[in-house]
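# Structural characterization, general
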Amino acid sequence: MMLRIALFLLALATPLRAEVTIQEVISPGGIKAWLVEEHGIPFTALELRFKGGTSLDRPNKRGEVNLMTALIEEGAGSLDSQGFAAARDALAAEFHFSTDQDGVSVSTRFLTDNRDEAMGLLRLALTKPRFDQDAVDRVREQVLSGLRSDAKDPAAMASNLSRAQIYGRHPYGSDGSGTIESVSALTRNDVMAAFQGAIARDRITVAAAGDITPDELGVLLDELLADLPAAGTLQPGTAEMTLQGGITVQDFPGPQSMVIFSQGGLRFEDPDYFAASILNEIIGGGRFSARLMTEVREKRGLTYGIGTSLGSYDHAQALMGQFQASNDKVAEAIKVIRDEWANMAANGVTEQELADAKTYMTGAYPLRFDGNDTIASILVGMQDLGLDKDYPKTRNAKVEAVTLADIKRVAARLIKPEELHFIVVGQPVGVVNE
Amino acid sequence: MRRTLGRALMGLFALALPAAADTVSNFTLDNGMQVVVIEDHRAPVVTHMVWYKIGRADEAPGHSGIAHFFEHLMFKGTKTVAPGEFSATVEQQGGNDNAFTSNDYTAYFQRIAADRLDLMMQLEADRMVNLTMSEEDVATERQVILEERGQRVDSDPASLLREQMSAAQFLNHPYSIPVIGWRDEIAALTRQDALDFYRAYYAPNNAILVVAGDVDPQAVLEMAKTHYGPLPPSDKIKPRQRPAEPPQLAERRLVLSDQRVAQPYIARSYLAPERNPGDQKQAAALAVLAELLGGSGTTSILARALQFDTQTAVYASAFYDGTSLDPETFGLVLVPSEGVALADAEKAMDDVIAEFLKKGVNAKDLERIKTKVRAAEIYSRDSAGGLARDYGAALAVGLTLQDVADWPNLLQAVTAEDVMAAANLVLNRNQAVTGWLTATEAAQ
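Residues numbered from 1 in each chain as written. Chains lettered and ligands numbered in written order. Predicted model: local features only at pLDDT ≥ 70, side-chain atom pairs only at ≥ 80, totals over all residues. Heavy atoms only, no water.

Attention now moves to the packing of helix H13 (residues 363–380) of chain B against helix H15 (residues 401–413) of chain B. Residues and elements named next belong to chain B. In contact at an axis separation of 9 Å, H13 and H15 are set at 165 degrees when each is read in the N-to-C sense. Comparing their axes, H15 and H13 come out roughly antiparallel. Of the two elements, H13 crosses H15, and the hand of that crossing is left-handed. Where H13 abuts H15, its residues Lys370, Val373 and Arg374 lie against Pro408, Leu411, Gln412 and Ala413. Taken together, the residues of the contact of H13 with H15 sort by class into four nonpolar, one polar and two charged. (Axes fitted to C-alpha atoms, helices over the stretch in contact; angles between N-to-C directions. Helix = DSSP H or I, 4+ residues; strand = E, 2+ residues; numbered from the N terminus. Parallel < 35°, antiparallel > 145°, perpendicular 65-115°, else oblique. Left-handed = near helix turned anticlockwise from the far one by under 90°. Contact = heavy atoms within 4.5 Å. Nonpolar A, V, L, I, M, F, W, Y, C, P; charged D, E, K, R; others polar.)

Residue and element names in this part refer to chain B. Ordered in space as S8-S12-S9-S11-S10, the five strands form an open sheet in which the pairing is mixed. Only two strands of the sheet have a single neighbouring strand rather than two, namely strand S8 (252–257) and strand S10 (313–320). Strand-to-strand twist across the sheet, computed as the mean angle between neighbouring axes with direction ignored, equals 15 degrees. With respect to the sheet, helix H10 (residues 281–294) is in contact with strand S9 (265–272), S10 and strand S11 (328–336), its orientation differing from that of S10 by roughly 175 degrees. Against the sheet, helix H11 (residues 301–309) contacts S10 and S11, and its axis sits at roughly 165 degrees relative to S10. (Pairing = 2+ DSSP bridges.)

Another aspect to go through is empty space enclosed by the protein. Residue and element names in this part refer to chain B. Inspection of the entire model under this criterion finds two cavities of 30 Å³ or more. Each pocket or cavity is described by its volume, and for the second largest cavity that value is around 40 Å³. Forming the walls of the second largest cavity are Met74, Phe75, Lys76, Gly77, Thr78, Val81, Ala82, Gly84, Phe86, Asp126 and Arg127. Classifying every residue of the lining of the second largest cavity gives five nonpolar, three polar and three charged. (1 Å grid on protein atoms, 1.4 Å probe; cavity = no way out; pocket = protein on both sides within 12 Å on 5 of 7 lines; lining within 4 Å. Points joined across faces, edges and corners; volume = space filled by probe spheres on them.)

Turning our attention to unusual backbone geometry. Residues and elements named next belong to chain A. For Asn60, which is not a glycine, the phi torsion comes out positive at approximately 65 degrees. Locating Asn60 in the fold gives a position in the loop between strand S3 (43–51) and helix H1 (64–71). On the accessibility criterion, Asn60 (73% relative accessible area) is exposed. Phi angles above zero are rare outside glycine, and Phe131 is one such case at about 50 degrees. Turning to its location among the elements, Phe131 is positioned in the loop between helix H3 (115–127) and helix H4 (133–150). (Buried < 20%, exposed > 50% of the residue type's maximum accessible area, 1.4 Å probe, protein only.)

All names here are of chain B. Burial along S8 is one-sided: the face carrying Arg252, Leu254 and Leu256 is buried and the face carrying Arg253, Val255 and Ser257 is not. As defined by bridge partners, S8 adjoins strand S12 (residues 432–438) across six bridges and the pair is classed as parallel. Within the sheet, the bridge partner assigned to Arg252 lies in S12 and is Val433.

What follows is the structure, encoded as structure tokens:
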């Protein structure tokens, strides 16, 4: 229901209410996991994440990790695609495999009363995927269909332009799903190689939430993961960013233009990160009272929605935003955003804005708890950021500690009008490349 | 975002409605407002929703989009709360708020720490009767909604096809008109239209309060009595009688060509009965039918035949909701493989359906779906907010709590014969609309 900002999904710390107790579990075989026990409903959510994702694609093999990920559930061991799906459905287990630029995620839910069978099936998929040629061909066609759609989808077009402009030849610079050409050329051997490179124990993060005890989880993890290869492919290096203010227009027919704007960000480890995240909240965060929402939508009616996010990825960081507007309103919207950027860099925020953002962020914090699968995914994100399991107890204090002077300093450091670049896909009136 | 179109956002699959009756309480205030409380004490959070039994299909002719437009205006201030202050107050308390409109209802909700429930009720009760809105705010918001239509419909050929297909599907019933409204009619909506709409439909006896989360039902009732109890009921609320759809006698077909289309596809909608109070058996059979035909990308009948046995399609699915006030549709979507003509893909799909109607239901398939239904009930208990939505939507279209509680059992009780009877009733092209979305002109 929120504005679609799929591109900017963050691995941001998303911790819990203080009373949720996170336990660290070390399996007998040495696998570390975080667990929130919740025995109220007879199922468990288990989340696995393998660091790397589509950025591990080899040169000229763009899309191989994405295709591989989509194929993990298409048959394993003695089961073909149909057999695997039937077995999974008979257990009412849910396995979801996905990938992004920083990792492969395995999100699962399974019932307590057939947990062992469900995990047996998942182990089969993670250790003995078949990658049958007919499945490779069939799923490849689905990926290609998606890529053909993206070629005429303004949001995808804008993302791809933005990525290429900022990150160039680094894997971040192109769509992890690949291109029509690269995906068409992928072979079953490529898929196998991608699997061996991406799914390994040296890059795994694990969390569970639900109806399972620490001992049960430890045994489960050893059985599930022991047969995975110890090590996979090397991770890619830091993405060099090319940031230059301006506007890039890509012609596309339709009543509206899709606009993405971006500039450099801050690493999560940066001491100013908390102040920067409050700043982002005030500019274009999740609230209707955020500045851009107020100025562009509520006061002027130029768009249905606008938002920004402070993205801290494994190999780069950026402050980005997006909106859609009628072609004759794009120019005015861009001017409003530029004015806000300049204003923010020069003046920071008001005492009241800071206080409101703080009460929102600290109050909203415990509400992030929203079911077992959400918690499992949050716990994986926290571990990937290197956070302590007691972080949820100290997080709000870190938000509270940010002062108006901090915000002013960080605004001057972070907000760079001269770096802000707009990608416009559409037929905007009075907007040209600059 | 806030003030969005419910129909587009709600899942179309009817399988996941929960029973969990032991944690649900039901009251009615003296002024006629229904109060439903769903307890979930795992986290100190509450979802507070007010559902109005008024939607797009209840609008006066020529005023399409007023229900949704008005939903936006509910955030534009009351005698004591300034425009925008509602959301700002919720946000200052660490909560989020939003609203959505469908053909049959309009709902407003906040998700917030459980100890702030009283404030939410105070704010929500206030805007049920005390709304004010300036001409200027109405004018700006109209622009926002035209932008919304531009973003969600006019920029998206798939949305345009859905809109055209609904218009073709319903000759007489108002489900023919899009929830957001036709552009020219939205542009003509006035502040007076909004005020008239407000006075006619916003009253406690046309509303349902649903509270889900870490709350005590008696305490919620007392709070509701304090805030909603004093509001006067309206004597203008009438039974919702809409023009009925006449029998469809002939197949309807359309082709939408748009240069922005990269991936052509086929959509089919069949007129289908909905869930009715005390009478949901047929709808349960249709929900199971949708799951059997196209509920899984691997094991469903359409997927097996068109994606596995042959490579006709890259995607095939079937869907049915059934939670509506009046008869709605049973849908199919088919995305052909590269190089497969739409006509050939459609024929293959129809052959699969004909074959299914001849051969009947595979017992194993039926068992697999029932397992899935049982698990869905367990998984759905993990989200109190989701439960609040499920209950609110069902009640707002006239179903009862008993109907909601019965639904999973009815799904479990569906037999192969029930499915085939429903399939034979619904899967008839003379009661259907078939739409093609193409990049260029295509001959049908």
